[in-house]
Amino acid sequence: MERLNKGDFVLKRKTTTTSTRAKKKKKPTPYTSDDVILASLSVLPDDLLVMIVARVPILYYRTLSLVSKSFRSMVVSPELYKVRSVLGLTESCLYVCLRFGMGSYKWYTLSSKSKSSGGYVLASVPMPGDDSPRVAGLGFGYSDLVAVGSDIYNIGQADKTTPTSSVSILDCKSHMWRKAPSMPVELESLSATVLDRNIFVLGRRYHQYGSWKSLLQVFNTNTQTWDIPWCVLDQASHIFNINGNLHAVNIFGWVFAFNSKQGKWDQLVEIDPIVGEIKYSESYCEIDNVLYSVSKEGALRWYDTDKTRWRDLKGLVGLPKLPGRFAGYGSYVKLTAYGGGKMLVFWSRKSCILLSHMETIYCAEIALRKGKGDCWGKLEWYDGVLSVLAGTELVKIFSVTL
C-alpha cells in the first residue's frame, strides 16, 4: 500500500454500515384487526356483503364509506335498505339542516367517530347532482320541514323571499329530491306537524280586504293528496302533535288544543300576569306525550298539562348554560326526540379564540323521566360535533327512520 505524504489529499467516501441503514428504514405499519376484517369482506360476493353490512348500525356507515368506492355506493343503495327492512333492522337516524349565510343549505347526519377516539360528529350528506330545492325562505316563515318515515318534506318551498305552494321530498335512503303535489293555498308563517302519517300545515294568507286569515291544510302521505283547507286559530304560530291530538302555541307561549267535536281551539295555558311578556321559542319537541321547549333565556322547560303552565326541566347536572334567544345570530337552541325517552339538544357557541370567525356546534343527549309531578333530565353526554363559520344557523333537526 502506498504511504501518503504530508500535504496529499484523499477524497473520502462516506460509508454507511448495514446496521445503520436498517435503522433508517421506516418500520411497516402493523395491520389492525379492522384492516384484516375489511380485507376479508372485500373478497366476499356482493349479495353476502350486503347481508353483513345491513346488520351494521347506521351510525358507522360514515366510517364504512371511507373504506372504498364500493362501500360508499353500498351504504346509499336502495338494496341495502330493502334488506334492512326485511330483517326488521330499522333504526332512528338524526338529520340536521344548517344554513350558511342567507341561502346556502347543507345537510348532515350524526355519525360515530372512530373506535379509538369515541364520541360523535356531524357528517356531511352528499346530494347527488346537487339538486336540492331552494329553501331560502326557511327561517323567514315561508317554509317548514317535517319527517315522515325515511322522507323529509320541504313544505312551502320558498324562492328567495316569495312564498310558494310547492312541496318537495328528500329520500334519506338515496339522498335524492323529488317533487310532491303542491299545497292548494299559498301560506306564510308556516308550521307543520305529523299525525298518523298526515302532515298538518298551519299558516296565514293575506286577503284583499287587508286582513290575514289563518288556514290549516292536511296532506295524506299515503295517497299523496291534499284535503280542503280549514279555518283555524288566528293567533297560533306553531302546531304540534301531543298524545295524538293537535295543539298550537302562539308567540306569548299560550297553548291551545283543537276540539274536534266542536271544531274549535280551546286555550289551555293561563295568560301570563306580566302584560306583554313574550315567551316565544324557536324550538319545540314532543316526547312521550310531553311538550318540551327552550325559553328565551336558554332554559329547557316542559308544558304541564295538569297545571296548564310551562315549568323548568329539573336535573341536568353538568349541562353547560345554553345560549339565550338574543345571544347572537344562529345561536338558537334546537331540540328533537331521539330514541326511547331521550332528547337531543343542539346549540352553537363562538370560539373563545380572540378574533376567531369560527364557532362550534354542540350536541347533548338527555334521558328524560317523569316523577312526583315533575320532569327530570339526566345528561348522558355532550360534545362539540362540528366546527363552522360564525353565523351558521341551525335550521331544523329530524329523527328519521331508516
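Up top is the structure these notes are about.
For the structure given in this document, a descriptive report is provided here. Predicted model, so just to flag it, every value in this text is computed and none were measured.

Time to look at the sheet that holds strand S3 (residues 120-124). The strand order S3-S2-S1-S26 describes an open sheet built from four strands, whose pairing is antiparallel. Here the strands that pair on one side only, and so sit at the sheet edges, are S3 and strand S26 (393-401). Here the average twist between neighbouring strands, direction ignored, is 30°. Direction of pairing for strand S1 (residues 92-100) relative to strand S2 (residues 104-112): antiparallel, over a ladder of six bridges. Its bridge partner being in S2, Phe-100 is matched across the sheet by Ser-104.

What follows deals with the pattern of salt bridges. A complete count under the given rule lists nine salt bridges for this structure. Between Arg-84 and Glu-91 there is a salt bridge; the shortest N-O distance is 2.8 Å. With relative accessibility at 1%, the residue Arg-84 sits in the buried group. Taking the relative accessible area as the measure of exposure, Glu-91 reaches 24% and is therefore partly exposed. The shortest N-O distance in the salt bridge between Asp-383 and Lys-113 comes to 3.9 Å. Of the two residues, Asp-383 is situated in strand S25 (residues 374-389) and Lys-113 in the loop between S2 and S3; the sequence distance between them amounts to 270 residues. Taking relative accessible area as the criterion, Asp-383 reaches 33% and is therefore assigned partly exposed.

Attention now goes to helix H6 (residues 78-86). By the burial criterion, the buried members of H6 are Leu-80, Tyr-81, Val-83 and Arg-84. The buried residues of H6 all sit within an arc of 155° when viewed along its axis, so they share a single face. Of the residues in H6, the exposed ones pointing more than 90 degrees away from the buried face are Lys-82 and Val-86. Where the residues of H6 are buried, they touch helix H3 (46-53), helix H4 (61-65) and helix H5 (69-74). Downstream of H6 by one or two residues, Gly-88 has phi in the positive range, about 70°.

Conventions adopted
Throughout this document, residue positions are counted from 1 along each chain, in the order its sequence is written. Reporting in this predicted model follows two pLDDT cut-offs: at least 70 for local features of residues, and 80 or more for side-chain atom pairs to be given and counted; totals over whole chains, interfaces and linings ignore these cut-offs and use all residues. Side-chain numbers come from the whole structure's heavy atoms, not from hydrogens or water. Only when DSSP finds a minimum of two bridges between them are two strands counted as paired. Numbering of helices and strands runs from the N terminus; a helix is a DSSP stretch of H or I covering at least four residues, while a strand is a stretch of E covering at least two. Under this scheme, a helix contributes an axis fitted over its contacting stretch, all axes are lines through C-alpha atoms, and angles between N-to-C directions fall in the 0 to 180 degree range. Any Lys or Arg side-chain nitrogen found within 4 Å of a carboxyl oxygen on Asp or Glu counts as a salt bridge. Accessibility here uses a 1.4 Å probe with only protein chains present; expressed as a share of the type maximum, an area under 20% marks a residue as buried, one over 50% as exposed, and anything in between as partly exposed. As used here, the arc is the angular range of directions from the helix axis to the C-beta atoms. Should any heavy atoms of two residues lie within 4.5 Å, those residues are counted as being in contact.

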